[in-house]
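Below, each chain spelled out in residue letters.
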Amino acid sequence: MRAIQISEFGGPEVLTPVELPDPVPGDGQVLIEVDRAGINYADTHQTEDSYLSKQVLPLVPGGEVVGRAPDGRRVVALLGTGGYAEKAVAPTATTWDVPDDIDDVTALGMVVQGVSAWLLLRRSTHLAPGESVVVHAAAGGVGTLAVQLAKAWGAGRVIATASSPEKRALALDLGADIAVDPKEPDLKTALIEANHGRRVDVVLEMTGGRVTDQSLTALAPFGRLAFYGMASRELPKPVQPATLMSHSTTVAGMWLAHVFQLPGDVMGTALDELFGLVAAGRLKVVAGGEYGLSEVQRAHEDLRSRRSTGKLVLDPSR
């Protein structure tokens, strides 16, 4: 089969098209004929071995696919590695049926970005109706969905940040009440002003560095910041528990892998709700572009340079 493999860690340049033997499923696994694979920002960390879980070479990147199981079912699946290929093996426990009315891009957009946005708002920050929500990187895969979910679940004011006028316009089209440039020198004041002069209740943050630092200081009493990525690759300042207490604020972290340690089928519950919102016309995945195997380097370059919006996918047939 055709696949993308890396034999050394690094940037987009290490992503190499190769021919590999077909993977063989073991007990509790399913072989999937891949129609599309998701391309995520986390894949750029996987490629350079800077993600939360350590990687082993040689490596076929990619953690999500949509395609056909041997029995003909159309499924979407999460897998640790192996997604950038014509065929992939996934645990049956992390494989879900896709409703007929859900297209490939939407299925892939929901299984990581959609569920991440669901968890951030439902579990990490416990969004309450009427609260203000700041969504950083609002034109990205998680951000575009978080803006829509926050509005669908009764947020009082959704404040989006995005790095270009075009991305800020997209966030407004998706339902954000106002859009802010995260490069504002005094981002704390910009966020408060965007909330009619009041400190904000919830922040969803995946940038790191000064964006995290200034967002934390913009929180209202009992405000919550959920940290789920570090796209700038810049560490925020250390957070002191005494400072959290003095302002009655909360900082939460979220890594999707931990959802499988929760009791019950939280992933299945989230996907059912998300697919239902799509069917009802209340939620949509923004298609950010489709790349062939030979174009994967460009896909990673687009992600890292923040040229992309929405959900990027890989077509392994070309």
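Criteria and cut-off values
Residues numbered from 1 in each chain as written. Predicted model: local features only at pLDDT ≥ 70, side-chain atom pairs only at ≥ 80, totals over all residues. Heavy atoms only, no water. Phe/Tyr/Trp six-rings, centres within 6.5 Å; stacked < 30°, edge-to-face > 60°. Lys NZ or Arg CZ within 6 Å of the ring centre and 35° of its normal. Helix = DSSP H or I, 4+ residues; strand = E, 2+ residues; numbered from the N terminus. Buried < 20%, exposed > 50% of the residue type's maximum accessible area, 1.4 Å probe, protein only. Contact = heavy atoms within 4.5 Å. Salt bridge = Lys/Arg side-chain N within 4 Å of Asp/Glu carboxyl O. Expected span 1.5 Å × (residues − 1). Polar contact = N/O pair within 3.5 Å; in protein donor to acceptor, adjacent residues only side chain to side chain. Axes fitted to C-alpha atoms, helices over the stretch in contact; angles between N-to-C directions. Parallel < 35°, antiparallel > 145°, perpendicular 65-115°, else oblique. Left-handed = near helix turned anticlockwise from the far one by under 90°. Nonpolar A, V, L, I, M, F, W, Y, C, P; charged D, E, K, R; others polar.

A.B. asks: Mind showing me how you'd approach the packing of aromatic side chains here?
C.D. replies: Each pair of aromatic rings is reported with the distance of its centres and the angle of its planes. A complete count under the given rule lists zero aromatic pairs for this structure. The positively charged end of Arg 122 is found above the aromatic ring belonging to Trp 153, 3.7 Å away from the centroid.

A.B. asks: Could you clarify how one ought to interpret the environment of Gly 80 in this entry?
C.D. replies: Tracing the chain through its elements places Gly 80 in the loop between strand E5 (74-78) and strand E6 (87-91). The exposure class of Gly 80 is exposed, given its relative accessible area of 60%. Note: C-alpha distance between Gly 80 and Ala 257 (177 residues apart in sequence) is 9.6 Å. Ignoring anything within four residues of it in the chain, the contact list for Gly 80 reads Gln 46, Gly 62 and Gly 63.

A.B. asks: Which parts of the structure should I look at to understand unusual backbone geometry?
C.D. replies: It is generally the case that most residues other than glycine have a negative phi and that most peptide bonds are trans. The omega angle of the peptide bond from Leu 57 to Pro 58 is -10 degrees, so this bond is cis rather than trans. Locating Pro 58 in the fold gives a position in the loop between helix H1 (41-48) and strand E4 (64-68). Backbone geometry at His 126 places phi at a positive 50 degrees, although glycine is not the residue there. For His 126, a relative accessible area of 54% gives the class exposed. Located in the positive-phi region is Phe 222, a residue other than glycine, with phi close to 65 degrees.

A.B. asks: For this particular structure, what's the right way to read the pattern of salt bridges?
C.D. replies: Considering all chains together, one arrives at 21 salt bridges under this definition. Residue Arg 36 is joined to Glu 290 by a salt bridge in which the shortest nitrogen-to-oxygen separation is 2.8 Å. Here the residue Arg 36 occupies a position in strand E3 (residues 29-39), and Glu 290 occupies one in strand E14 (residues 287-292), the gap between them amounting to 254 residues. For Glu 290, the salt bridge is made with Arg 318, and the minimal N-O distance between the two is 3.8 Å. Residue Glu 290 is located in strand E14, and its partner Arg 318 is located in the segment after strand E15 (311-315); the two are separated by 28 residues in the primary sequence. We classify Glu 290 as partly exposed; its relative accessible area is 34%.

A.B. asks: Would you take a moment to explain helix H3 (residues 141-152) for this structure?
C.D. replies: Residue pairs spaced three or four apart in an α-helix point in one direction, given the helix's 3.6 residues per turn. For H3, spanning twelve residues, the distance from its first C-alpha to its last is 17 Å, which sits close to the expected 16 Å at 1.5 Å a residue. A large share of H3 lies buried, amounting to ten of its twelve residues. All buried positions along H3 are accounted for by Gly 141, Val 142, Gly 143, Thr 144, Leu 145, Ala 146, Val 147, Gln 148, Leu 149 and Ala 150. If you follow the buried residues of H3, they end up packed against helix H2 (104-124), strand E8 (132-135), strand E9 (157-161), helix H4 (165-173), strand E11 (200-205) and helix H8 (266-279). Looking one or two residues past H3, Gly 154 carries a phi angle of roughly 90 degrees, positive in sign.

A.B. asks: What is the right way to look at the side chain of Thr 47 in this model?
C.D. replies: Within the element layout of this structure, Thr 47 appears in helix H1. Among the polar contacts listed, one links the side chain of Thr 47 to the backbone oxygen of Asp 43, at a separation of 2.8 Å. Not counting residues within four places of it along the chain, the set of residues in contact with Thr 47 comprises Ile 6, Phe 9, Gly 10, Gly 11, Val 14, Leu 15, Pro 61 and His 300.

A.B. asks: What is the right way to look at the packing of helix H5 (residues 187-194) against helix H6 (residues 209-217) in this model?
C.D. replies: A packed helix pair is summarised by two numbers, namely the angle formed by the two axes and the spacing between the axes. Running from N to C, H5 and H6 point in directions that differ by 50 degrees, and their axes come no closer than 8 Å. Here H5 lies oblique to H6, going by the angle between them. For the pair H5 and H6, the sense of crossing is right-handed. Residues Leu 187, Lys 188 and Leu 191 of H5 pack against Arg 210, Val 211, Gln 214, Ser 215 and Thr 217 of H6. Across the contact of H5 with H6, the residue classes break down as three nonpolar, three polar and two charged.

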